[in-house]
Amino acid sequence: MKPEANLTGLFVPLVTPFTDDLRLAPDTLARLADEALSAGARGLVALGTTRRRPR
């Protein structure tokens, strides 16, 4: 029996932070995730986008 997912609450899409040479900034990503969760987010959204689709 699979447990049901509890998707209530605030799930935050995180921006992906990069260094000046366009590499992932893992320390900054960890800090952003920690700040969001400490502020009350229930979860994080990975691989999401806030980019609008062209009309």
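Residues numbered from 1 in each chain as written. Predicted model: local features only at pLDDT ≥ 70, side-chain atom pairs only at ≥ 80, totals over all residues. Heavy atoms only, no water.

A. View of the pattern of salt bridges. Within the structure shown, the criterion is met by 2 salt bridges. For Arg 23, the salt bridge identified is with Asp 21, shortest N-O distance 3.5 Å. The pair formed by Arg 23 and Asp 21 is uniform in burial state, with each residue classed as exposed. A salt bridge links Glu 35 to Arg 31, with the shortest nitrogen-to-oxygen separation between them at 3.1 Å. Of this pair, Glu 35 and Arg 31 both sit in helix H1 (residues 26–38), separated by 4 residues, roughly a single helical turn. (Salt bridge = Lys/Arg side-chain N within 4 Å of Asp/Glu carboxyl O. Buried < 20%, exposed > 50% of the residue type's maximum accessible area, 1.4 Å probe, protein only. Helix = DSSP H or I, 4+ residues; strand = E, 2+ residues; numbered from the N terminus.)

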